[in-house]
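Tertiary structure, described
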Amino acid sequence: AVDVAWDESRPVTSYKNVWDNASDSLNKVLKTAREYGVTICLENVWNKFLLSPIEFKFFLDQFNSDYIGIYFDVGNVLLNGYPEHWIEILKDKIKAIHFKNFNRDDCGGTLHGFGDDLSVGDVNYNNVLKELEKINYSGPITAEMIPFSRLPDLVLPDMDLAKKTAKALLELLK
């Protein structure tokens, strides 16, 4: 991470150092990934690194391997882009997908823009699904929900939220 905005204990690291460290580390583990037939997936997160789909693709292309790709989070790109544009560019680099929503209104890049309802926010799931269809995506799709109403006291899984989210995800994927 170049920085972790919500963790003041994490120092800012230069973009070049993050690129070099990530590249070196991934090169070290790729042989093992190939050997065991597993895919390493990097998620697009708010760490001020790999901020656009072209940048992310360029980073992944340096490895020239099917054993590394992106765990694409459609909600995380809404701060400065559109998930369907990322899908159009990353295509087969997308190995898994997180569905979650994000509301750009008055969030200024803070976590309170995320919610606990897939249907509330600015993700245009119709566009996302059309683009996934164009690239013949057939990998996993999971929902990532944060039970804000129960934090920080959450000890057990929020089963009501899990059921609500599963129902909403199935509805989206009909």
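Scroll up to find the structure this text is about.
The following paragraphs examine the structure supplied in this document. Fair warning: this is a prediction, and the values are worked out from it, not measured in the lab.

Calculation criteria
- Residues numbered from 1 in each chain as written.
- Predicted model: local features only at pLDDT ≥ 70, side-chain atom pairs only at ≥ 80, totals over all residues.
- Heavy atoms only, no water.
- Helix = DSSP H or I, 4+ residues; strand = E, 2+ residues; numbered from the N terminus.
- Rg over C-alpha atoms; globule rule 2.2 N^0.38 Å.
- Buried < 20%, exposed > 50% of the residue type's maximum accessible area, 1.4 Å probe, protein only.
- Contact = heavy atoms within 4.5 Å.
- Areas by Shrake-Rupley, 256 points an atom, 1.4 Å probe, with all protein chains shown as cover.
- Lys, Arg positive; Asp, Glu negative; His and termini not counted.
- Charge placed at Lys NZ, Arg CZ, Asp CG, Glu CD.
- Core = buried A, V, L, I, M, F, W, Y, C linked by side-chain atoms within 4.5 Å.
- Pairing = 2+ DSSP bridges.
- Axes fitted to C-alpha atoms, helices over the stretch in contact; angles between N-to-C directions.
- Parallel < 35°, antiparallel > 145°, perpendicular 65-115°, else oblique.
- Nonpolar A, V, L, I, M, F, W, Y, C, P; charged D, E, K, R; others polar.
- Polar contact = N/O pair within 3.5 Å; in protein donor to acceptor, adjacent residues only side chain to side chain.
- Expected span 1.5 Å × (residues − 1).
- Bend = angle between axes of the 7 residues up to and from the residue.

Concerning the overall build of the chain
In terms of regular secondary structure, the chain is built from five helices and four strands. Going from N to C terminus, the chain has its helices and strands arranged as α-β-α-β-α-β-α-β-α. The globule rule puts the C-alpha radius of gyration for 174 residues at 16 Å, and the 17 Å found for the chain is close to it. For the chain, the C-alpha atoms occupy an extent of roughly 40 × 40 × 30 Å along the three principal directions. Relative to its 174 residues, the chain shows a buried fraction of 36%. A separation threshold of at least 6 residues defines the contact pool for the chain, and within that pool the share at least 24 residues apart is 70%. Per element, the accessible surface of the chain, about 10,500 Å² overall, is 53% carbon and sulfur. Measuring between centres, the 19 positive side-chain charges of the chain sit 5 Å from its 26 negative side-chain charges.

A look at the nonpolar core
Among the nonpolar cores identified, the biggest contains 38 residues, and Phe 59, Ile 70, Phe 72, Val 74, Ile 94, Ile 97 and Phe 99 are the most heavily contacted of them. Counting only elements with at least two residues in this core, the list comes to helix H1 (15-36), helix H2 (53-61), strand S2 (68-73), helix H3 (83-90), strand S3 (94-99), helix H4 (125-134) and helix H5 (159-172). Sort the elements by how many residues they give to this core and H1 lands first, with five residues. Non-local contacts of Phe 59, meaning those with residues more than four positions away in its chain, are made with Trp 19, Ala 22, Ser 23, Leu 26, Leu 42, Phe 49 and Leu 50.

Quick notes on the sheet that holds strand S1 (residues 40-43)
For sheets, the rule is that strands pair by backbone hydrogen bonds, running either parallel or antiparallel. Across the sheet, four strands lie side by side as S1-S2-S3-S4; this open sheet has parallel pairing. The strands lining the two open edges of the sheet, one partner per strand, are S1 and strand S4 (141-143). Pairwise comparison of adjacent strand axes, ignoring direction, gives a mean angle of 25 degrees for this sheet. Taken together, the four bridges between S2 and S3 define a ladder with parallel strand orientation. When the bridges of S3 are listed, Asp 73 appears paired with His 98. The strands that H1 touches are S1 and S2; relative to S1, the one it contacts most, it runs at about 140 degrees. In the packing of H3 onto the sheet, the strands contacted are S2 and S3, and the crossing angle to S2 comes to about 165 degrees.

Some details on the packing of H3 against H4
Look at H3 against H4: their axes get within 8 Å of each other, and the N-to-C directions meet at 10 degrees. Our classification of the angle between H3 and H4 gives roughly parallel. Counted together, Pro 83, Glu 84, Ile 87 and Glu 88 of H3 and Asn 127, Val 128, Glu 131 and Leu 132 of H4 form the full contact between these two elements. Considered class by class, the residues forming the contact of H3 with H4 number four nonpolar, one polar and three charged.

Topic: the environment of Asp 3
As for its position among the elements, Asp 3 is in the segment before H1. Here Asp 3 falls in the buried class, since its relative accessible area comes to 16%. Separated by 161 residues in the primary sequence, Asp 3 and Lys 164 place their C-alpha atoms 33 Å from one another. There is a polar contact of 2.9 Å between the side chain of Asp 3 and the side chain of Lys 48.

Things to note about H1
In a regular helix each residue adds 1.5 Å, so 22 residues correspond to 32 Å; H1 covers 31 Å between its end C-alpha atoms and thus fits that length. At Val 29, H1 shows its largest bend, some 35 degrees. Taken as a whole, H1 has its buried residues at Val 18, Trp 19, Ser 23, Leu 26, Leu 30 and Ala 33. Contact partners of the buried residues in H1: S1, H2 and S2. Backbone geometry just downstream of H1 places Gly 37 in the positive-phi region, at approximately 70 degrees.

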